[in-house]
Amino acid sequence: MARRYDSRTTTFSPEGRLFQVEYALESVNHAGTCIGLHTENGILLASEKKIMSKLLEQSSTPEKLWKIDQHIVAAIAGLNADAMILINFARVIAGRYRARYGTLIPVENLVQELSDHKQGYTQFGGLRPYGVAFLFAGCDGRNGFQLYHSEPSGNYSAWKAAAIGASHQAARSMLKTDFTEGLSIDEAKSVACKVLQKTMDCVNLTSDKVEMFYLTRNKDTGEVFTQTLSL
Amino acid sequence: MARRYDSRTTTFSPEGRLFQVEYALESVNHAGTCIGLHTENGILLASEKKIMSKLLEQSSTPEKLWKIDQHIVAAIAGLNADAMILINFARVIAGRYRARYGTLIPVENLVQELSDHKQGYTQFGGLRPYGVAFLFAGCDGRNGFQLYHSEPSGNYSAWKAAAIGASHQAARSMLKTDFTEGLSIDEAKSVACKVLQKTMDCVNLTSDKVEMFYLTRNKDTGEVFTQTLSL
Amino acid sequence: MARRYDSRTTTFSPEGRLFQVEYALESVNHAGTCIGLHTENGILLASEKKIMSKLLEQSSTPEKLWKIDQHIVAAIAGLNADAMILINFARVIAGRYRARYGTLIPVENLVQELSDHKQGYTQFGGLRPYGVAFLFAGCDGRNGFQLYHSEPSGNYSAWKAAAIGASHQAARSMLKTDFTEGLSIDEAKSVACKVLQKTMDCVNLTSDKVEMFYLTRNKDTGEVFTQTLSL
Amino acid sequence: MARRYDSRTTTFSPEGRLFQVEYALESVNHAGTCIGLHTENGILLASEKKIMSKLLEQSSTPEKLWKIDQHIVAAIAGLNADAMILINFARVIAGRYRARYGTLIPVENLVQELSDHKQGYTQFGGLRPYGVAFLFAGCDGRNGFQLYHSEPSGNYSAWKAAAIGASHQAARSMLKTDFTEGLSIDEAKSVACKVLQKTMDCVNLTSDKVEMFYLTRNKDTGEVFTQTLSL
Amino acid sequence: MARRYDSRTTTFSPEGRLFQVEYALESVNHAGTCIGLHTENGILLASEKKIMSKLLEQSSTPEKLWKIDQHIVAAIAGLNADAMILINFARVIAGRYRARYGTLIPVENLVQELSDHKQGYTQFGGLRPYGVAFLFAGCDGRNGFQLYHSEPSGNYSAWKAAAIGASHQAARSMLKTDFTEGLSIDEAKSVACKVLQKTMDCVNLTSDKVEMFYLTRNKDTGEVFTQTLSL
Amino acid sequence: MARRYDSRTTTFSPEGRLFQVEYALESVNHAGTCIGLHTENGILLASEKKIMSKLLEQSSTPEKLWKIDQHIVAAIAGLNADAMILINFARVIAGRYRARYGTLIPVENLVQELSDHKQGYTQFGGLRPYGVAFLFAGCDGRNGFQLYHSEPSGNYSAWKAAAIGASHQAARSMLKTDFTEGLSIDEAKSVACKVLQKTMDCVNLTSDKVEMFYLTRNKDTGEVFTQTLSL
Amino acid sequence: MARRYDSRTTTFSPEGRLFQVEYALESVNHAGTCIGLHTENGILLASEKKIMSKLLEQSSTPEKLWKIDQHIVAAIAGLNADAMILINFARVIAGRYRARYGTLIPVENLVQELSDHKQGYTQFGGLRPYGVAFLFAGCDGRNGFQLYHSEPSGNYSAWKAAAIGASHQAARSMLKTDFTEGLSIDEAKSVACKVLQKTMDCVNLTSDKVEMFYLTRNKDTGEVFTQTLSL
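Everything numeric here is computed off the predicted structure, so don't read it as measured data. (Residues numbered from 1 in each chain as written. Chains lettered and ligands numbered in written order. Predicted model: local features only at pLDDT ≥ 70, side-chain atom pairs only at ≥ 80, totals over all residues. Heavy atoms only, no water.)

Caption draft 1: Up close: the interface of chain C and chain D. The partner chain D presents 33 residues to the 34 residues of chain C that form the contact. Of the roughly 2,900 Å² buried at the junction of chain C and chain D (both faces included), carbon and sulfur atoms supply 55%. The residue Arg4 of chain C makes a salt bridge to Asp6 of chain D at a minimum N-O spacing of 2.6 Å. With 4 residues, the single largest contributor to the side of chain C that touches chain D is helix H3 (residues 107-120) of chain C. (Contact = heavy atoms within 4.5 Å. Buried area = accessible area lost by both parts, 1.4 Å probe. Salt bridge = Lys/Arg side-chain N within 4 Å of Asp/Glu carboxyl O. Helix = DSSP H or I, 4+ residues; strand = E, 2+ residues; numbered from the N terminus.)

Caption draft 2: Quick peek at the side chain of Thr199 of chain G. Residue and element names in this part refer to chain G. Relative to the elements of secondary structure, Thr199 occurs in helix H5 (residues 185-200). You can call Thr199 buried: its relative accessible area is 14%. Side-chain polar atoms of Thr199 contact the backbone oxygen of Leu196, separated by 3.1 Å. Sequence-distant contacts of Thr199, defined by excluding residues within four places in its chain, comprise Thr33, Ser167, Ala170 and Ala171. (Buried < 20%, exposed > 50% of the residue type's maximum accessible area, 1.4 Å probe, protein only. Polar contact = N/O pair within 3.5 Å; in protein donor to acceptor, adjacent residues only side chain to side chain.)

Caption draft 3: Representation of the relation of the copies chain C and chain D within the structure. It takes a turn of 51° to lay chain C on chain D, together with a shift of 0.1 Å along the axis; the resulting RMSD is 0.0 Å. Residue by residue, only 6% of the interface of chain C is reproduced at the interface of chain D, so the copies engage with different surfaces. (Least-squares fit on C-alpha atoms with pLDDT ≥ 70 in both.)

Caption draft 4: Representation of the sheet that holds strand S7 (residues 156-158) of chain C within the structure. All names here are of chain C. Overall, antiparallel pairing links the 5 strands, which are arranged S3-S4-S5-S6-S7 in an open sheet. The open sheet has two edge strands, strand S3 (65-69) and S7, and neither has a second partner. Taken over all neighbouring pairs, the strand axes of this sheet differ in orientation by 25° on average, direction set aside. Of the pairings in the sheet, the one linking strand S6 (residues 144-150) to S7 comprises 3 bridges and is antiparallel in character. Within the sheet, the bridge partner assigned to Ser150 lies in S7 and is Tyr156. The sheet strands contacting H3 are S3, strand S4 (72-78), strand S5 (132-140), S6 and S7, and the helix crosses S5 at an angle near 160°. (Pairing = 2+ DSSP bridges. Axes fitted to C-alpha atoms, helices over the stretch in contact; angles between N-to-C directions.)

Caption draft 5: Region of the structure containing the nonpolar core. Counting 193 residues, the largest nonpolar core has Phe136 of chain A, Phe136 of chain B, Phe136 of chain C, Phe136 of chain D, Phe136 of chain E, Phe136 of chain F together with Phe136 of chain G as its most contacted members. The contacts of Phe136 of chain E, once residues within four sequence positions are left out, are Ile68, Ile72, Val73, Ala74, Leu110, Val111, Leu114, Gln146, Leu147, Tyr148 and Ser150 of chain E. One finds Leu18 of chain A, Tyr23 of chain C, Phe19 of chain E together with Phe12 of chain F within the second-largest nonpolar core, a separate group that totals 49 residues. (Core = buried A, V, L, I, M, F, W, Y, C linked by side-chain atoms within 4.5 Å.)

Caption draft 6: Up close: the packing of aromatic side chains. One pass over the full model with this rule turns up 49 aromatic pairs over all chains. With a centroid separation of 4.6 Å and an interplanar angle of 55°, the aromatic rings of Tyr121 of chain A and Tyr130 of chain A are classed as tilted. Side by side, Tyr121 of chain A and Tyr130 of chain A carry an identical accessibility label, which is buried. Centroid distance Phe134 of chain B to Phe136 of chain B: 5.1 Å. Interplanar angle 20°. Geometry classified as stacked. Judged on exposure class, the residue Phe134 of chain B and its partner Phe136 of chain B are both buried. One aromatic cluster is present, formed by Tyr5 of chain A together with Phe19 and Tyr23 of chain B through successive ring pairs. (Phe/Tyr/Trp six-rings, centres within 6.5 Å; stacked < 30°, edge-to-face > 60°.)

Caption draft 7: Examining the relation of the copies chain G and chain A more closely. Each copy superposes on the other: chain G lies on chain A with an RMSD of 0.0 Å after a rotation of 51° and an axial shift of 0.0 Å. Of all interface residues in chain G, a mere 6% are interface residues in chain A too; the two copies therefore contact each other through different surfaces.

Caption draft 8: Quick look at helix H5 (residues 185-200) of chain A. Residues and elements named next belong to chain A. With 16 residues, H5 extends 22 Å between its outermost C-alpha atoms, agreeing within 8% with the 22 Å of an ideal straight helix rising 1.5 Å per residue. Turning to H5, its buried residues are Ala188, Lys189, Val191, Ala192, Cys193, Val195, Leu196, Thr199 and Met200. Residues of H5 that are buried make contact with strand S1 (34-39), strand S2 (42-48), helix H4 (168-178), strand S9 (210-217) and strand S10 (224-229). Phi turns positive one or two residues past the end of H5, at Asp201, with a value near 55°. (Expected span 1.5 Å × (residues − 1).)

All quantities given are derived from atomic positions and should not be read as evidence of function.
Right, here's the structure in full:
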């Protein structure tokens, strides 16, 4: 029955569902898990590395974590090629804002403009939704550190701690238990590793299986910057 | 039989129904309940919060209630991403009016322009209707306080008290009984809470499960403003 | 068999019928009944109010009767959102004519331009016909008072007395019996009420169940104007 | 078998037929009969009136016979709304010619331009053919009085006497018997009435069931003009 | 099996056939036969008249034979409305050439430009091929008298004697036997009549059943001109 | 099974095949055989003539061999109307190059631009691939004499000796045996005739069944030119 | 079941897969194997030649290895005509960068722009994905020698050693065993030949079955250049 309504973004099912959007979410749920956590003085993004081969170039561009602007980083789960399009799109939004107003774009502005773009792909014919979800970590003068989850549907919401990808359900459950506000960066890393170790179902979490980004603020100058963390 | 006519907005059924529009309404009927009531000196909007998690950022942007302009607020039920597109659209309409005429847009003007936009998505191919309903509360010099209900079909109508979302039927029944004109804001809050408590089927209605906006007028200056209310 | 030809406006059936246009007419036939009658010195439009609730804003905009210009009013039956689009369209036509020629648009000009617009939606792909019928009452220097019936197909015709909507068949039969030319406004009201009472199948026709517009001419100045009538 | 090829104008059947064009012709064959005859000094167009009601405005615009320009009139059979579009189209062609060359358009020029427009609707996707046939009666300096039959397919041809609509077969048979060249207008009226009486299958042909137009030429000035005839 | 590939011009069958183009050819094969023959000093085109009625205007425009320019005439077989579009198209090509270069268009140039236009209708979606074939008779300084056959597919080729339409197979067989080069015009007429009499299967070929055009050259001035021939 | 994927150019089959492109190749395989051979001092193109009739104009334009520019000739196999479009396209490319750079276009440039154009018709919706293959023989200063084979898919490759059309398999086998580099033109003609005689399965290869073009270079001036050869 | 979702790029399957993209990958997996390896001082690309015939022009353009710019070469596997389009596209990107910035394009910039272009063909209707994969070998001042693998989906990644085409699985396994960093060019050639010999399943790997390109840097001037290698 559902089959009659599940091949186009322009068709609601009788229960008011958009199956193509739900299927796009499935493509997110096959991707490596990414988690994000607020810390005392920043936000930690950590993600499982899925492609592992000794032939892979280690020093190459990141797999899951991407810098959008000086004050915003993103973790992706889903179709990589789709993600790259949206990351370029986000960079253009951020750059245009900078050029026009001479200041960094407020984080939610960027997240919303990207989400509105995604929504269009769920309502117009001859398109499919983007098969990718994001965690955006950012910081601006208005709202301080912020962590957003942006879905293929174009929905987004702000979280203290969030997870996307293959084992996001399990990860969220663990975060509910283990996450508390005001974690130090070391405590946050320890929570993130515990969660990923469980969701990846591996005994030893080694450095080549995980990517970590830390978005924080220089305590003196107040400048926001990111750093890559190792285990 | 109905199935032959229910996959496109450009197809009437033999009884003259537009099934895709009815299905879009279903997506509204899965959303949290929102209610609006005229009070003695303003309009109260109250809505059930559906996503609840201790990991959610409490201080973040509203879930269901959005400000369009100084004198108009909206409550939404349905697909969030669709709602955001229309809220931006409404803000642009309001802002353009302000810029052109140097005064606030009359409430019904805005509601109608938005509804006309929605109608287009029920008549042209390669599109689906917007899966979202609105309650608009506003105030202008011409008609004073006004409460509109705008549907996915593009229909809209003015109400003294209205409800949209999952339990809108039950809510409307209760409002018929409990609503009277000229309620004080405290009486209105009490009616709203009673209705939501019933439709949400929860024993204790706590502050984190409900959002409330109050659109009122400064008695001295006559200026319209909104305030967030807690239980 | 009919089913092969009934899902698109661009397909004739083997008997030369356009089913989508016929189905659009069905959506008109679910709407409240509207009737129009020539009187001695004007035209009376009366319509059944379908949505009745004590929560509805009584003083709000009309449900079925709309003013197009100083000398033209319309009664609608069918999808409200579709009707609003066409009413705006008609107002633009009337306004443009006024601006261009400095005089009021002849009634039939407006009716025909609107009907031509409707026809397009019955011949081109990726569209559906407008699901709405109109009674236009107007008055101009050329033809005096005129009453037109405009259908979803784009057909229109001039009548002395006409009915559209749910019980239009019954209403027309009664009008054939009860209508005579040169009725006074009070006689016309009485005929209209008798017809609506029958088609609405209610014992007491109360003022909140009926809307009435009267388009007439000031006997001295000759100026055309409309007034809302109560029972 | 035919069914595979009969839903689009862009599909030939294996026998090289265009079913949608044939179906459009069916919609012509449900319409009232129109006939046209050359007379001694002009052309007579006569048509059956289909919609008859005492509520209908008698003095209103014609049902079947339309003036295109000073020297060209048309009788229509088929979908009225489609006909109105093409009549406006023809008037624009005629007006443009007048404006450009300062003289009346030759009749066949107009008929051909209209027919070419119709042809397009039988060859391009996302359209349906026009469901209307025409008899054009006209007079110009080059060819004198001319009577053309224009079909939904875009074909046209010149006749001494022709019939379109519901009983066109029977009417043509009678015309073959009864028509002779050089009829006086009274003889022509008598032939037309005889044919219509038979095709309409009514005992007494009364004036309200028939429309008649006579296109003739002032014997002195040579000016072409049309007059409405009664029985 | 063939059925899967025969409804669109954009689909090859597994054997590399374009069925829609073949079906278009069928619509040519229902039309009256036309034949063309080179003569000693020109080209003769002759065609069967299909529509015969005493009500038809005899003096009216030709049915099958059309003049494109001073030096090119065409005989058509197939859908008349399609043919008219292409004949206008050809006249525009010829006129544009004349205007640009001040000389008559070489015959093959015109035939090829028309054929290229036809080809497009066999390769792009949302269209059907033109259902008409042509014989073009022309004369220019480069190649003298030329007779081309242009098909719905866009193919064309030059012939000494050719036939299109309903009985083109039989006609070609007879021409192979009866045609020789260097016929006088009277001999050519006699051959043409013999062929048409056979293909039309009629005992007496009368003048109203056949149209004939003769394209020849003034022996003194060398000017090309056409004349209508009678039996 | 294959049938699900074989009606559109925009659909890969599960094995990664493009059936419409393969079907287009079938339309090439029904055409007359063409062969091309490098000789000592040029390239010989020879092709089977398929349409033979004593009524055909012998002196008319070539059937299979076409000159693109002074230094490039092409042999075609497949749908003639498609070929004509591409030959015109190639001539425009060559002419534009000449006009822009004042020198003849390098052969491979032309072949590649044409092939890129063909590729588009295998990837975009609403189109079908071109049903024609080419052998291009050309000569330029960079690479001397070159013989390219261009397929409906847009693939092309350079050959010493090549064959396309109905019996291309058999022809290629024979060429593998009989072709050697550095053939004199007479030897090349003899090889070509032997191959065509076999593939056409005729006892006596007469001059009217074969077309031959020889692209060679004047030994003194180095100028490239083409000549038509007879058996 | 899968069949419902595998004919369009705009449709996700219920598991979130894009079948058309996977099928496009199949067309890559039928192509000859290409491998790329980092060496001590450059990158080696080697590929199997699939089309082998003594009639093929040996000195002609490469089959599998193409130069994009002075510092970037590509190996292709899949549909050749698709590859040519993308290679031209890449050359334009590289040339435009050079013209704009006066310096060579960074390798990853080019790979990403090309990949973004590919992604579009997996998300928009009326298109099919490109049926081709690439290995890009390049060198720039920022990241030195780089080897990228770009897929039909638009995904790309950097490798130390990579394989695409028919036997890419087997080839990758062998590379995991045999590849080590810092190979001399002779060792790299020996590894490449061993792998290709295995995947091509031939006893003697002769020079005409393999193409090899070596991208390296002049030790003195630091200039990057490519050379064709033989076995």
